[in-house]
Amino acid sequence: MSPDQLLGDPSLILAIMHPDDVPLYEASRQAIADGAAHWRLEYRVLPPGLAMRWLRGHARPRCLADGTVLWHGFVSDVSESKAIELELQEFALTDFLTQLPNRRYFMKRLEEEHGRLLRNVDGRAAVLMCDLDHFKVVNDTHGHAVGDLVLKNFADVLREQLRKSDTVGRFGGEEFAVILADADAAVAIGFAERLQRSFAARPLVLDDKTIAVTLSIGIAIMHAGSPD
């Protein structure tokens, strides 16, 4: 966009800004109007015909005698460094083997869900702990490489059973956890039984040999009265 275009209609800048970032952008401008000395913001833009880009702006406003504002600063394209940053964040919250969220991410979501329930006296959620039975025998008999394949196979089966509102995480070893939002005991038991049947129906088959593993699931219901 040329300076003349923006002088004619400053709102054009909003047309290429990512809609999710517009409120943050407008809030940052309001902060300057309220007296903040510096403007700093990272935001996304969607230039016509180009891929989404991340921009980082730094500027200091100076009010002139005629009431206009002169900005001293710059806006730079930080798309590449932002992509690396987001990738590192994803790695920090993802289990490398199964590509499911890890324990750290799951516990964060569990705390968020507990906080939601504290604000909703009628709300509830089911927490399930899934454990592959006698998994050490699999590793000892077939080797850790086969054990890893069993874990990946279970993760695939588990992922297919989840709704968009559910949360899953690999807790470590052969333990996995699930949060079923807005679910009571009956819903949780139904989910657990479907998961057991699906896993039993899709055992890992390696070199025409079936690696059969069973699954135990524990269920607890979390509600507004749950202390933690």
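Residues numbered from 1 in each chain as written. Predicted model: local features only at pLDDT ≥ 70, side-chain atom pairs only at ≥ 80, totals over all residues. Heavy atoms only, no water.

Draft legend 1. Focus on the packing of aromatic side chains. In this structure the tally under the stated criterion is six aromatic pairs. Between Phe154 and Phe199, the aromatic rings sit 5.0 Å apart at their centres with planes inclined by 75°, giving edge-to-face as the arrangement. With Phe154 in helix α7 (residues 144-161) and Phe199 in helix α8 (residues 185-201), this residue pair connects regions lying 45 residues apart in the sequence. Each of the two residues, Phe154 as well as Phe199, counts as buried. Linked through ring pairs, Tyr25, Trp39, Tyr43 and Trp71 together constitute an aromatic cluster. Cation over ring: Lys82 sits above Trp54, and NZ or CZ is 4.7 Å from the ring centre. (Phe/Tyr/Trp six-rings, centres within 6.5 Å; stacked < 30°, edge-to-face > 60°. Helix = DSSP H or I, 4+ residues; strand = E, 2+ residues; numbered from the N terminus. Buried < 20%, exposed > 50% of the residue type's maximum accessible area, 1.4 Å probe, protein only. Lys NZ or Arg CZ within 6 Å of the ring centre and 35° of its normal.)

Draft legend 2. Geometry of the packing of α7 against α8. At their nearest, the axes of α7 and α8 sit 10 Å apart, and the two run at 140° to each other. Our classification of the angle between α7 and α8 gives oblique. When the axes of α7 and α8 are compared, the crossing they make is right-handed. Together, Asn153, Phe154, Val157, Leu158 and Gln161 of α7 and Phe191, Arg194, Leu195, Ser198 and Phe199 of α8 make up the contact between the two elements. (Axes fitted to C-alpha atoms, helices over the stretch in contact; angles between N-to-C directions. Parallel < 35°, antiparallel > 145°, perpendicular 65-115°, else oblique. Left-handed = near helix turned anticlockwise from the far one by under 90°. Contact = heavy atoms within 4.5 Å.)

Draft legend 3. Expanded view of the pairing of strand β2 (residues 53-63). Note that strand β1 (residues 39-45) and β2 share seven bridges and pair antiparallel. Directly across from Arg44, in β2, lies its bridge partner Trp54. Both β2 and strand β3 (residues 69-77) contribute to a ladder of nine bridges, which runs antiparallel. Its bridge partner being in β3, Pro61 is matched across the sheet by Trp71. Taken together, β2 and the strand that follows it, β3, pair antiparallel across an intervening segment of five residues, in which Gly67 is found at a positive phi of about 95°. (Pairing = 2+ DSSP bridges.)

Draft legend 4. Quick peek at the side chain of His18. Note on placement: His18 falls in the loop between α2 (12-16) and α3 (22-33). Accessibility expressed as a relative area gives 14% for His18, which makes it buried. Ignoring any residue separated from it by four or fewer positions in sequence, one finds His18 in contact with Arg44, Val45, Leu46 and Met52.

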